[in-house]
Amino acid sequence: MRGKNIIIGICGGIAAYKIPQLVRLLKKRGANVRVALTDGGTRFVSELALATVSGEPVYRKIFPPMDTENMDYTRHITLGEWADALVIAPATANTLAKLTAGLCDDMLSVIFITLRPAKPVLIFPAMDGQMFLSPSVQRNIATLAAQGCTIINPESGELASGLCGLGRMPEPEAILASLEEVLHTTENISPLSGKSVVVTAGPTREKIDGVRFISNYSSGKMGFAVARAAAKRGALVTLITGPVHLDTPPGVKRIDVESAAEMHDAAQKFFRSCSIFIGAAAVADYRPAAPCEGKIKKDAQEMELSLVRNPDILAEFSLQKSSGQLAIGFALEMESDIDNARKKLETKKLDLIAFNFFDHKTAGFEVDTNILTLIENQGTTTELPQLTKESAAERLLDAIEQRCTRT
Ligand code: PMT
């Protein structure tokens, strides 16, 4: 953090009382800190406390009082230029709505607008859980995330209302850690930055009739971790996902689909334009030949289900990709069947395949960890240890980055 210029925007939430501690932590790390406080924020934390810990005047109103010496009429612009990062904590529903709409009626909202492009903005919404989950707050958060802001969701715990649940702002130490991570990522510009990356994730559902389907145990965790890691490296990520219960990673464009055919149609639109296609989805290889609309009656003792092949989305992309594009696959096999993964790498003409096996506790479907072996078409094989799916995704992206720099 040494020498970094950080602006902290504080809105009117009870968690504002923790921000002087964040300022102190940043100053101890050698950062220069300035604070923009909304009117609501002044109800929860004093200007004097913030000015004392930051050693700087606190910014509130856009217009300086006319009787002040050394009046700076353009400080709203110079602050946006000065900052290396803007942290808004706690961010209230009202300020989120203002930022989404582009309103500028105080220093915080105007700094948000004047901040130079590509400077990180970290937003820590903190409010009552019901407010946070309301459609309008969620819509505003999604808009800000799509603009490239990093949204850190509130934590669960005791709230000022006496209720217990979602809504608490993370502690100052955790805010500092998030800021350090984001600054580290943006400073080490990844070869993936600005590249269009498509990730498929989750299972597909293949209709038998109006109420039944064929599917598998994929939770989407691995694919979502890959999408999150790629977005953190500055890639423009489109995540095409089957039915899962996961939040969209910040900055990622999500397309929800149900069947393999829908996933295929959604993916096909990106075949020409994407730089990297990563297939982490467990796509059903077959679908019922003649699904019916209603509910099949159980009249007969036995019934036969006729299945037909689904399109192989990744293979289709790979076989028509141009020289600058990369096709990356996953292969879920039994632990001893790594050769099957190698075969898939060859027949689908992939650049890299991540072999993983199925183990109830450590790897594959549903669990939070995975054990990947990265097999490249150029001969290198890298065995990774058991890692969280997030870390495994980072290691996979490290390997993809190396491919990008070689090609
Ligand atoms: O979602 P999780 O619970 O976190 O589990 C993660 C995972 C186990 C699903 C994931 O890590 C994984 O291994 N995904 C691939 C599953 C698989 O075995 O795929 P496959 O061997 O059938 O296909 C090989 C590759 O072709 C995959 O990249 C797959 O996405 C792709 N494919 C397969 C069939 C098809 N019709 N279209 C495809 O694109």
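Anyway, here's the lowdown on the structure attached to this text. (Residues numbered from 1 in each chain as written. Predicted model: local features only at pLDDT ≥ 70, side-chain atom pairs only at ≥ 80, totals over all residues. Heavy atoms only, no water.)

## A short note on the overall build of the chain
Applicable threshold: The helix and strand labels rest on DSSP assignments: H or I over at least four residues marks a helix, E over at least two residues marks a strand, and numbering proceeds from the N terminus. Here the term buried applies to any residue with accessible area under 20% of the maximum for its type, exposed to any over 50%, and partly exposed to those in between, with areas from a 1.4 Å probe on protein chains only. What makes two residues a contact is simply this: any of their non-hydrogen atoms within 4.5 Å. The accessible surface values rely on the Shrake-Rupley method and a 1.4 Å probe; as for residues, cover is taken only from the protein chains in view. This count recognises Lys and Arg as positive and Asp and Glu as negative, with His and chain-terminal groups excluded. Each charge is placed at NZ for Lys, CZ for Arg, CG for Asp and CD for Glu.
Scanning the chain for helices and strands turns up 13 helices and 19 strands. Its C-alpha atoms put the chain at 85 × 55 × 35 Å along the principal axes. Within the chain, the proportion of its 407 residues that are buried is 49%. In the chain, the proportion of contacts linking residues at least 24 apart, taken out of those at least 6 apart, comes to 65%. By element, 52% of the accessible surface of the chain is carried by carbon and sulfur atoms, the whole surface being about 20300 Å². One finds the centroid of the 45 positive side-chain charges in the chain at a distance of 2 Å from the centroid of its 47 negative side-chain charges.

## Describing a nonpolar patch on the surface
The criterion, for reference: Surface patches are defined over residues having more than 30% relative accessible area and no salt bridge, joining like charges when they lie within 9 Å and nonpolar side chains (Val, Leu, Ile, Met, Phe, Trp, Tyr) when within 5 Å. Whenever a carboxyl oxygen of Asp or Glu lies within 4 Å of a side-chain nitrogen of Lys or Arg, that contact is scored as a salt bridge.
A cluster of nonpolar side chains, namely Y286, M303, L305 and L307, defines an oily patch on the protein surface of about 390 Å² accessible area. Turning to its location among the elements, M303 is positioned in the loop between β14 (286–288) and β15 (307–309). What makes M303 exposed here is its relative accessible area of 56%.

## Remarks on helix α10 (residues 260–268)
Put simply, the rule reads: Think of the arc as the fan of directions from the helix axis to the C-beta atoms.
For α10, the set of buried residues is A260, M263, H264, A266 and A267. Summarising the axial view, the buried residues of α10 lie within an arc of 170°, below the 170-degree limit, and thus occupy one face.

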